[in-house]
Amino acid sequence: MSYDDNNIFAKILRGEIPCKKIYEDDFVLSFHDINPQKKIHALVIPKGRFIDLDDFSANASSEEMVGLLKGINTVAKKLNISADTGKGYRALANISEHGGQEVPHLHFHLFGGEIVGKMVE
Ligand code: 5GP
């Protein structure tokens, strides 16, 4: 499968579709999920064209990898849900069909603001 430049997150990255932005730097964009599953439901996406975590792990540069992890931490701190500024959260990445991934651009969900609950249904 190759990267689809028409996926919704690619459009958000290009500014063609609006988002409720939380944070942006050279490596990541973060915004609120349009259909929040918890009190806080943020998405953190790399700026590069990566389909999922496997694609990212195989093909991203070291800089991009560090940038994504740092970005997640920065967003968690900004939202006051990190382990040091708040009460914690869940970071989750769905991968492909069995993982339930709907948008084919790598994204981490950050759930928090309340007890997140069971890990899987
Ligand atoms: P996935 O199932 O691929 O892991 O999650 C995709 C997520 O993207 C879902 O939680 C869905 O609500 C969110 N989403 C889909 N379209 C949009 C959109 O246009 N804007 C925002 N902010 N979130 C979206």
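This text follows the structure it describes.
Here's a quick rundown of the structure. Predicted model, so just to flag it, every value in this text is computed and none were measured. (Residues numbered from 1 in each chain as written. Predicted model: local features only at pLDDT ≥ 70, side-chain atom pairs only at ≥ 80, totals over all residues. Heavy atoms only, no water.)

### Focus on the sheet that holds strand β3 (residues 40-46)
Pairing is antiparallel across the open sheet formed by five strands, whose spatial order is β1-β2-β3-β5-β4. The open sheet is flanked by β1 (21-24) and β4 (89-92), the only strands paired with a single partner. Strand after strand, the sheet turns through a mean of 20° between neighbouring axes, direction not considered. Across the sheet, helix α3 (residues 62-78) is in contact with β1, β2 (28-32), β3, β4 and β5 (108-112); its angle to β3 comes to roughly 155°. (Pairing = 2+ DSSP bridges. Helix = DSSP H or I, 4+ residues; strand = E, 2+ residues; numbered from the N terminus. Axes fitted to C-alpha atoms, helices over the stretch in contact; angles between N-to-C directions. Contact = heavy atoms within 4.5 Å.)

### Describing unusual backbone geometry
Phi is positive for Asn80, close to 60°, though the residue is something other than glycine. One non-glycine residue with positive phi stands out, namely Ser96, at about 55°. Here Ser96 is to be found in helix α4 (residues 96-99). Ser96 sits in the partly exposed class, given a relative accessible area of 43%. (Buried < 20%, exposed > 50% of the residue type's maximum accessible area, 1.4 Å probe, protein only.)

### Regarding the pattern of salt bridges
Where side chains of opposite charge bring their charged atoms close, a pairing between them can arise. This structure, assessed with the given rule, holds five salt bridges. Residues Lys21 and Glu24 are paired through a salt bridge, measuring 2.5 Å at the closest nitrogen-oxygen approach. For Asp84, the salt bridge is made with Lys77, and the minimal N-O distance between the two is 4.0 Å. Among the residues examined, Lys77 registers a relative accessible area of 35% and is labelled partly exposed. Through salt bridges that share partners, Lys21, Glu24 and Lys47 make up one connected network. (Salt bridge = Lys/Arg side-chain N within 4 Å of Asp/Glu carboxyl O.)

### Regarding the site of the ligand
In the vicinity of the ligand lie 17 residues, with Asp33, Asn94, Glu102, His107 and His109 positioned nearest. In the model, an oxygen atom of the ligand is placed 2.9 Å from a nitrogen or oxygen of the Val103 main chain. Burial of the ligand by the protein amounts to 85% of the accessible area it has alone, namely 520 Å². The set of elements that each furnish at least two residues to the shell around the ligand consists of α1 (8-13), β2 and β3. (Near = heavy atom within 4 Å. Polar contact = N/O pair within 3.5 Å; in protein donor to acceptor, adjacent residues only side chain to side chain. Areas by Shrake-Rupley, 256 points an atom, 1.4 Å probe, with all protein chains shown as cover.)

### Considering the side chain of Asp52
Mapped onto the elements of the fold, Asp52 is located in the loop between β3 and α2 (53-59). Buried charge without a salt bridge: Asp52, with Arg49 as the nearest opposite-charge side chain at an N-O distance of 13 Å. Within polar-contact distance, the side chain of Asp52 engages the backbone nitrogen of Asp55 at 2.9 Å. (Lys, Arg positive; Asp, Glu negative; His and termini not counted.)

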